[in-house]
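Summary of structural features
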Amino acid sequence: GNTLYNVYNKKASKMLHAHWFIACAQLVVGIVWSCIMWGSGMRKKPNLTAADITACIPIGLCMCIAHAGSVLAMGVGAVSFAQIVKACEPVFAAAVGLLLPPKDVKPLLAYAMLIPIVGGVGLACVKEGKGIDINYEAFAYASIANVAAALKGKLGGSVTKALKGDKAKNMDPANVYAVNNIISFLFTVPMVIYAELPVLKTEWNIAVTEHGFNAVVMNIALSGFFFYVYNEFAFAFTANVGAVTSSVLNTAKRVIIIVVSAILFAEPMEKNTVIGSAIAIMGTFAYSLASKFAAKKPSKKKSA
């Protein structure tokens with residue numbers, strides 16, 4: 001699902017140069033899907049108070065920035081490069097965990113795994129015969145997405161746990177994501193108005209003239225559908241699998257996206273890019289395992 005999202009998102013971004021609008025439209029697809037599920041009775045409607053919704057606002061804001069940052073990064077640069085930079089997310093998560101209370105201190109081994117992550121990304125940016133060659137705009141957007149994702153994980157953990165724990169609120173993982181998707185959309189709309197409204201009609205007409213109305217709408221709609229379905233599934237799936245399974249699948253996901261995008265969009269993959277991305281992705285995998293296994297050890301000691 002995530003691979004298909006990245007493919008259709010890149011196709012939409014190449015057709016329509018209004019990336020905030022694309023990000024916003026993708027969230028609309030998810031809202032429509034949620035409303036169908038709730039309206040048909042296939043899923044229970046959330047039963048939230050104003051205080052519950054207020055508590056979700058920071059999560060929705062971080063989701064908005066993380067999603068838009070990813071869309072913008074892949075819009076102005078290669079999908080493979082954006083994914084390589086996004087492999088640095090554990091670095092930002094580790095920093096946020098130490099800077100914001102309550103502190104989340106990882107074991108030394110986990111922090112050691114940040115070295116190959118940063119080093120791998122750095123190596124991937126070194127081009128043979130050219131030295132360091134970075135798309136700074138794509139790098140900035142992907143890094144912003146990483147910061148927002150780290151903040152979302154830090155700020156949202158206790159809130160989502162409390163909502164899921166109260167069965168009267170009907171907040172299973174799918175509904176938690178659905179509610180935050182709606183809040184994310186509400187934060188994205190002002191950015192579309194601010195950044196792209198003056199040129200949106202012109203860019204839309206150019207895209208429709210060059211590629212056709214159906215092609216533009218189809219790629220935006222499919223990217224939105226796969227984005228929502230993947231994330232909803234991921235929210236539910238990660239709550240029911242172990243650390244190893246989750247880490248392996250996340251690692252495989254990033255590798256598949258890089259390979260598929262490089263093939264479909266003819267993105268150059270030089271030797272340093274391949275080696276560097278492999279080192280960074282495996283470093284991310286090792287960091288995830290080291291963190292999750294360490295988190296389990298205290299509970300084992302207590303039960304002994």
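Please refer to the structure placed before this passage.
Residues numbered from 1 in each chain as written. Predicted model: local features only at pLDDT ≥ 70, side-chain atom pairs only at ≥ 80, totals over all residues. Heavy atoms only, no water.

**Side note on helix H10 (residues 197-211)**
- Helix length check: H10 (15 residues) gives 21 Å between terminal C-alpha atoms against 21 Å at 1.5 Å per residue, within 8%.
- A positive phi of about 95 degrees marks Gly 212, the residue just after H10. (Helix = DSSP H or I, 4+ residues; strand = E, 2+ residues; numbered from the N terminus. Expected span 1.5 Å × (residues − 1).)

**Thoughts on unusual backbone geometry**
- A cis amide bond links Pro 101 with the next residue in sequence, Pro 102, at an omega value of -10 degrees.
- For Pro 102, the position within the fold is in the loop between helix H5 (89-99) and helix H6 (108-112).
- Even without a glycine there, the phi angle at Asn 170 is positive, about 55 degrees.
- The topology assignment puts Asn 170 in the loop between helix H8 (136-165) and helix H9 (173-195).

**Looking at the environment of Phe 187**
- Tracing the backbone through its elements, the reader meets Phe 187 in helix H9.
- Residues Phe 187 and Ile 57, spaced 130 residues apart in sequence, show a C-alpha to C-alpha distance of 9.4 Å.

**Re the packing of helix H3 (residues 50-76) against H8**
- Closest axis-to-axis distance for the H3/H8 pair is 7 Å, and the angle between their directions is 155 degrees. The pairing of H3 with H8 is recorded here as roughly antiparallel in orientation. At the point where H3 passes H8, the crossing takes the left-handed sense.
- Taken together, the residues that form the contact of H3 with H8 break down as 22 nonpolar, four polar and three charged. (Axes fitted to C-alpha atoms, helices over the stretch in contact; angles between N-to-C directions. Parallel < 35°, antiparallel > 145°, perpendicular 65-115°, else oblique. Left-handed = near helix turned anticlockwise from the far one by under 90°. Nonpolar A, V, L, I, M, F, W, Y, C, P; charged D, E, K, R; others polar.)

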